[in-house]
Amino acid sequence: MNPYEVLGVSEDADEETIKKAYRALVKKYHPDKYVNNPLADLASEKIKEINKAYDMIMNKNKSSSYSQNTSYSRQGTEQSTGSTSDFQRVRILINQSRIREAMDMLEGLPKTAEWYYLSGMTRLRVGWYDQAISYLQTAVRMEPNNIEYRSALNNVMNRNTTYTTTTSTNAGCCGPCDCCTACLAFNCICPCF
């Protein structure tokens, strides 16, 4: 596998170009876009390939940028500051539905915009929507021009709006007459009332 071909970038592409290509592909093949879709398995495999390619390029860039001594001293720093590969591993865990492991790994990483985004995505996957929205909003506040973060927040907010609208519409059909009818029916069934 040629990781540059997978991401659709040239081998002399700078890191920012690689990240942009990666984000675009993740957005395109994200598993949430293929829920209840016959292409879900294919998209899941594609996202694994994209993540692997990105890791390969980033790890190669890291190792070629530093001598072994510099790399060794920098490794301790990355654990406290959170390297790209750490966040990448969290993304892979989320894509593999290994949410508990992703959440545990996030606990040891610094609270950057990406940390808040990934924390929001883990909360979303387990159904904790209020927390997910809060984390995603923080990520967007920290990096307002990040399309991936903003898109995720908009998707969650649209889901929430749809749910609220649907439930409030259904609740509106139960008027005072329906309540009286229910009370009369209950009175007929239960003589104690």
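Caption draft 1: Molecular detail of the overall build of the protein chain. Scanning the protein chain from terminus to terminus reveals 10 helices and zero strands. When each of the 193 residues of the protein chain is scored for burial, the buried share is 35%. For the protein chain, the share of sequence-separated contacts (at least 6 apart) that also reach a separation of at least 24 residues comes to 52%.

Caption draft 2: Region of interest: the environment of Met103. Note that Met103 resides in helix α6 (residues 99-107). Met103 sits 13 residues away from Val90 along the chain, and the two C-alpha atoms are 8.0 Å apart.

Caption draft 3: Structural view of the packing of α6 against helix α7 (residues 113-126). Where α6 contacts α7, the two axes come as close as 10 Å, and the packing angle between them is 155°. By the angle between their axes, α6 is roughly antiparallel relative to α7. Between α6 and α7 lies a crossing of left-handed hand. In this structure, α6 uses Ile99, Ala102, Met103, Leu106 and Glu107 to contact α7, whose residues at the interface are Trp115, Leu118, Ser119, Thr122, Arg123, Arg125 and Val126.

Caption draft 4: Highlighting helix α2 (residues 15-29). Along its 15 residues, α2 runs 21 Å from first to last C-alpha, staying within 8% of the 21 Å computed at 1.5 Å per residue. Burial in α2 covers these residues: Ile18, Lys19, Ala21, Tyr22, Leu25, Val26 and Tyr29. Across the axial projection of α2, the buried residues extend over an arc of 165°, all falling on one side.

Caption draft 5: Quick peek at the pattern of salt bridges. As enumerated under the stated definition, the model contains eight salt bridges in all. Of the charged contacts, one joins Glu45 and Lys48 as a salt bridge, the two residues approaching to 3.7 Å between their closest N and O atoms. Taken as a pair, Glu45 and Lys48 lie in helix α3 (residues 40-65) at a separation of three residues, close to a single helical turn. Close ionic contact of Arg91 with Glu114 constitutes a salt bridge, the shortest N to O distance being 3.1 Å. Here Arg91 is found in helix α5 (residues 84-95), whereas its partner Glu114 is found in helix α7, with 23 residues between them in sequence. Residue Arg91 is classed as buried on the basis of its relative accessible area, which comes to 7%. Three or more residues are tied together by salt bridges with common partners; here these are Arg91, Glu114 and Glu148.

What counts, and at which threshold
Residues numbered from 1 in each chain as written. Predicted model: local features only at pLDDT ≥ 70, side-chain atom pairs only at ≥ 80, totals over all residues. Heavy atoms only, no water. Helix = DSSP H or I, 4+ residues; strand = E, 2+ residues; numbered from the N terminus. Buried < 20%, exposed > 50% of the residue type's maximum accessible area, 1.4 Å probe, protein only. Contact = heavy atoms within 4.5 Å. Axes fitted to C-alpha atoms, helices over the stretch in contact; angles between N-to-C directions. Parallel < 35°, antiparallel > 145°, perpendicular 65-115°, else oblique. Left-handed = near helix turned anticlockwise from the far one by under 90°. Expected span 1.5 Å × (residues − 1). Arc of directions from axis to C-beta. Salt bridge = Lys/Arg side-chain N within 4 Å of Asp/Glu carboxyl O.

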